[in-house]
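# Report on the structure
Okay, here's what each chain looks like letter by letter:
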Amino acid sequence: RDATFRTLLDEAAPTVAARLEGVATPPEMRGWGGLRGYVRRAWGEGWALVGDAGVFRDPISSHGMTDAMRDAEILAGEVLRAWSGAVPESVALGRYQALRDRLSFRMFELADRIACYDWGDSEIRRLIRGHSSAMSDEMDYLSALPNVAVAAPASLEDTLVRG
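Report follows, based on the coordinates. All figures in this text were calculated on a predicted structure; none of them were measured in a lab. (Residues numbered from 1 in each chain as written. Predicted model: local features only at pLDDT ≥ 70, side-chain atom pairs only at ≥ 80, totals over all residues. Heavy atoms only, no water.)

Before going further, it helps to examine the overall build of the chain. Of regular secondary structure, the chain possesses six helices and four strands. The secondary structure elements of the chain, listed N-terminal to C-terminal, are α-α-β-β-β-β-α-α-α-α. Put simply, of all contacts in the chain between residues at least 6 apart along the chain, 56% involve residues at least 24 apart. Total accessible area computed for the chain in this model is approximately 11100 Å², and 59% of it derives from carbon and sulfur atoms. (Helix = DSSP H or I, 4+ residues; strand = E, 2+ residues; numbered from the N terminus. Contact = heavy atoms within 4.5 Å. Areas by Shrake-Rupley, 256 points an atom, 1.4 Å probe, with all protein chains shown as cover.)

This next bit is on the nonpolar core. A42, W43, I74, L75, L93, Y96, L99 and L103 together form the largest nonpolar core, which totals eight residues. Taken together, the elements giving at least two residues each to this core come down to α3 (64-83) and α4 (89-115). Examining the composition of this core, we find that four residues originate from one element, α4, more than from any other. Among residues more than four places away in sequence, those in contact with I74 are Y96, L99, L103 and Y141. (Core = buried A, V, L, I, M, F, W, Y, C linked by side-chain atoms within 4.5 Å. Buried < 20%, exposed > 50% of the residue type's maximum accessible area, 1.4 Å probe, protein only.)

What follows is about the side chain of D67. Turning to its location among the elements, D67 is positioned in helix α3. Excluding residues that lie within four positions of it along the chain, D67 makes contacts with G51, R57 and E138.

Our focus in this paragraph is the pattern of salt bridges. Two side chains of opposite charge can pair, provided their charged atoms sit close to one another. As enumerated under the stated definition, the model contains 11 salt bridges in all. Among the salt bridges present, the one from D112 reaches R36, with a minimum N-O distance of 3.3 Å. In this pair, D112 sits in helix α4 while R36 sits in the loop between α2 (14-19) and β1 (38-39), placing the two residues 76 residues apart along the sequence. Between D137 and R106 there is a salt bridge, with its nearest N and O atoms 3.0 Å apart. Taken together, the positions of D137 in helix α5 (residues 121-143) and R106 in helix α4 put the pair 31 residues apart, joining distant regions of the chain. Here R106 falls in the partly exposed class, since its relative accessible area comes to 35%. Among the ionic contacts, a cluster of salt bridges with common partners joins R57, D67, R70, D71 and E138. (Salt bridge = Lys/Arg side-chain N within 4 Å of Asp/Glu carboxyl O.)

Quick look at the structure:
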């Protein structure tokens, strides 16, 4: 662990490495070798998955909460379509999964590649640009969603009483 840290520091920030020469590595320092992502089926009869429960990628992408909120937004819209009778539930949930997958897969593959730390300077630039582009595609989709206003109850008591 100490040798790896020193090697990386020497390569990434030689001036800082020189200043830390002879200083002991903190005992509480931890390393992270990356974590392989996974994709699960998004729904079944009576259930649906959002966020990390359905698509998990290494935290290096720093996108987990965004995924969860994005998935919840898409799922809620599809569930409302099904409940209104506009489409069968299986069609709505299938559409949710297809859209979730389309918005997730490119970023998923790039995050896995970045997290493996097996790249050079030119490749990491390409990977980071690709990740940024995938996030832009997602933002374009989310920005195009209609702004739905929901009337808030007059008070918490109204919510509890009317239930």
